[in-house]
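Residue-level structure breakdown
Here is how the chains run, residue by residue.
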Amino acid sequence: MPERYDLHCHSTASDGALSPTELIQRAHQNGVTALALTDHDTTMGLSEAHACAATLDIRLINGIELSASWQNKCLHIVGLGIDPHYAPLDNATHQLQATRLERAEKIAEKLEKKRITGALEAVKNAAGQGMITRSHFAAFLLSQHHVSTQQEAFDRYLGKGKPAYVATTWAEMDVAVNWITEAGGVAVLAHPLRYKLTTNWIKRLLAAFKDTGGQSIEVVTGRNNAEEIKILANYANQFELAGSVGSDFHSPITPWVELGRLAPLPDSVQPVWELLN
Ligand code: AMP
Ligand code: MN
Ligand code: MN
Ligand code: MN
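Predicted model only: the values in this text are computed from it and were never measured. (Residues numbered from 1 in each chain as written. Chains lettered and ligands numbered in written order. Predicted model: local features only at pLDDT ≥ 70, side-chain atom pairs only at ≥ 80, totals over all residues. Heavy atoms only, no water.)

A closer look at the packing of helix 5 (residues 134-143) against helix 6 (residues 150-158)
Inclusion rule: Throughout, an axis means a line fitted to C-alpha atoms (over the contacting stretch in the case of helices), and angles, computed between N-to-C directions, take values from 0 to 180 degrees. The helix count covers DSSP runs of H or I at least four residues long, the strand count covers runs of E at least two residues long, and both are numbered beginning at the N terminus. Here roughly perpendicular refers to angles of 65 to 115 degrees, roughly parallel to angles under 35, roughly antiparallel to angles over 145, and oblique to all remaining angles. Only heavy atoms matter for contacts: two residues are in contact if any of them lie within 4.5 Å across the pair. The residue classification treats Ala, Val, Leu, Ile, Met, Phe, Trp, Tyr, Cys and Pro as nonpolar and Asp, Glu, Lys and Arg as charged. All others, Gly included, are polar.
In the contact formed by helix 5 and helix 6, the axes pass within 9 Å of each other and the chain directions differ by 105°. One element, helix 5, and the other, helix 6, form an angle in the roughly perpendicular class. Contact residues: helix 5 offers Arg134, Ser135, Phe137, Ala138, Ala139, Leu141 and Leu142, while helix 6 offers Gln150, Ala153, Phe154, Tyr157 and Leu158. Along the lines of polarity and charge, the residues of the contact of helix 5 with helix 6 split into nine nonpolar, two polar and one charged.

In structure tokens:
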């Protein structure tokens, strides 16, 4: 039986709809044999995920999706095979939880100026112990009928330049990559085509990412089409970066993105799992 990898997904520890246990069960049902749980800026879902994975025939890879800054742009760096107890990384995630709470308070204040009340309490309740994300605000705006889709919540309120947008200082890319590599992990640039960069900027980014110790980029994601996969495979080869595959699954309510439902990694690209022990 060939392995089936999915190296990017979210649980209730960040903005996913499923608990770590439910996520592992669903991945297993979908035939995934190796799953990385990569919650936004936290590893707190991993212990529950491991407890469940141990009861099923599925390998769980310790992961995280770190928010990072580069040239004033927000990027996502996935860490695979990290030691979640490595102190600098663990400390950073706790700091990020505070940063996210402070940002949430500011977002809620901005929404109040738009006469939208109750957001802070709602997102805190929804996130529970987990990380508060803009997805929680989007879900709140949707539930209160201020918008009719999550996308509209970003387009009208939460996206960059919109009335409830709050700029956040994330770690610089090289710092985030260091946390991952020093924690024994492989740093993977998440969804390189989602940052709305020109080809020139993407190439600058890939060169800088490689320079700081980044080892891989996502070539196959839940939303990439064949043309995008080809473009990303070419970038991976041009910059000598391994290729990763990850659905970025968040919730069963978006059935077009499903755990383990991924195109194969092109043969020309070195698989990132060859870099994982
Ligand atoms: P945050 O890290 O708190 O800024 O939240 C970012 C998360 O919001 C992403 O991981 C996505 O899950 C979600 N998100 C960002 N932009 C959009 C968008 N335009 N439409 C829907 N969801 C989005
Ligand atoms: Mn997300
Ligand atoms: Mn992301
Ligand atoms: Mn993600």
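Some details on the coordination of the manganese ion (ligand 4)
Quick reminder of the rule: In this description, a donor is an N, O or S atom within 2.8 Å of the metal centre, a cutoff extended to 3.2 Å for sodium, potassium and calcium. Water is not part of the atom list, which can make sites seem incomplete. Burial classes follow relative accessibility: with a 1.4 Å probe on protein chains only, a residue under 20% of its type's maximum area counts as buried, one over 50% as exposed, and anything between as partly exposed.
Within the first shell, the manganese ion (ligand 4) binds the protein through His8 (NE2), His10 (NE2), Glu65 (OE) and Asp248 (OD), at distances of 2.1 to 2.2 Å. Each donor residue of the manganese ion (ligand 4) belongs to the same chain, with the gaps between them written as H-x1-H-x54-E-x182-D. The manganese ion (ligand 2) is placed at 4.6 Å from the manganese ion (ligand 4). Of the two residues, His8 sits in the loop between strand 1 (5-6) and helix 1 (20-29) while Asp248 sits in the segment after strand 8 (242-246), which places them 240 residues apart along the sequence. Each member of the pair, His8 as well as Asp248, is classed as buried.

So, the site of ligand 1
Cut-off, in case you're wondering: Any residue with at least one heavy atom within 4 Å of a molecule or strand is counted as near it. Surface accessibility follows the Shrake-Rupley procedure with a 1.4 Å probe radius. Residue values consider only the protein chains on display as shielding. Reported domain spans reflect what an automatic or database domain assignment gives.
The full set of residues close to ligand 1 is Asp15, His40, Arg100, Arg103, Thr133, Arg134, Ser135, Gln151, Phe154 and His250. Contact with the protein chains hides 74% of the accessible area of ligand 1, taken as 500 Å² for the molecule alone. Among the elements of the structure, helix 3 (87-113), helix 5 and helix 6 are those that each provide at least two residues to the shell around ligand 1. Split into classes, the residues belonging to the shell around ligand 1 amount to one nonpolar, five polar and four charged. When we break the shell around ligand 1 down by domain, the ones giving at least three residues each are domain 1 (5-85 + 172-274) and domain 2 (93-158).

Section: the coordination of the manganese ion (ligand 3)
Protein-derived ligands of the manganese ion (ligand 3) are Glu65 (OE), His76 (ND1) and His191 (NE2), with the metal-ligand distances lying across 2.1 to 2.2 Å. Between consecutive donors of the manganese ion (ligand 3), the numbers of intervening residues give the motif E-x10-H-x114-H. Between the manganese ion (ligand 3) and the manganese ion (ligand 2) there is a metal-metal distance of 5.8 Å. Note that Glu65 is positioned in strand 3 (residues 59-70) and His191 in the loop between strand 6 (186-189) and helix 8 (199-211), a separation of 126 residues in sequence.

A word on the nonpolar core
Convention followed: Put simply, buried Ala, Val, Leu, Ile, Met, Phe, Trp, Tyr and Cys residues joined by side-chain atoms within 4.5 Å make one nonpolar core.
Of all hydrophobic cores here, the largest spans 54 residues; its most connected members are Ile77, Leu80, Met173, Leu189, Ile217 and Val219. Excluding anything up to four places from it in sequence, Leu189 contacts Leu75, His76, Ile77, Tyr195, Leu205, Leu206, Phe209, Ser216, Ile217 and Glu218. Counting 19 residues, the second-largest nonpolar core is a separate cluster that includes Ile116, Ala127, Phe140 and Val147.

Quick look at the pairing of strand 3
Put simply, the test is: DSSP calls a pair of strands paired once it identifies at least 2 bridges connecting them.
The element strand 3 is extensively covered by neighbouring structure, given that 11 of its 12 residues are classed as buried. Sheet topology note: the strand 2 (residues 34-37)/strand 3 ladder contains four bridges and is parallel. Directly across from Ala34, in strand 3, lies its bridge partner Arg59. The hairpin formed by strand 3 and strand 4 (residues 73-80) contains two residues between the paired strands, and Gln71 there has a positive phi angle of roughly 50°. Of the pairings in the sheet, the one linking strand 3 to strand 5 (residues 171-172) comprises two bridges and is parallel in character. The partner of Ser69 across the bridge, within strand 5, is Glu172.

Overview of the pattern of salt bridges
Note the following rule: We define a salt bridge as a contact between a side-chain nitrogen of Lys or Arg and a carboxyl oxygen of Asp or Glu at a distance within 4 Å.
Taken as a whole, this structure holds four salt bridges when the rule is applied. Of the charged contacts in the structure, one is a salt bridge between Arg100 and Asp41, with a shortest N-O distance of 3.0 Å. Of this pair, Arg100 sits in helix 3 while Asp41 sits in the loop between strand 2 and helix 2 (46-53), placing them 59 residues apart in sequence. Between Arg194 and Asp248 there is a salt bridge whose closest N-O contact spans 3.0 Å. In this pair, Arg194 is assigned in the loop between strand 6 and helix 8 and Asp248 in the segment after strand 8, connecting sequence segments 54 residues apart.

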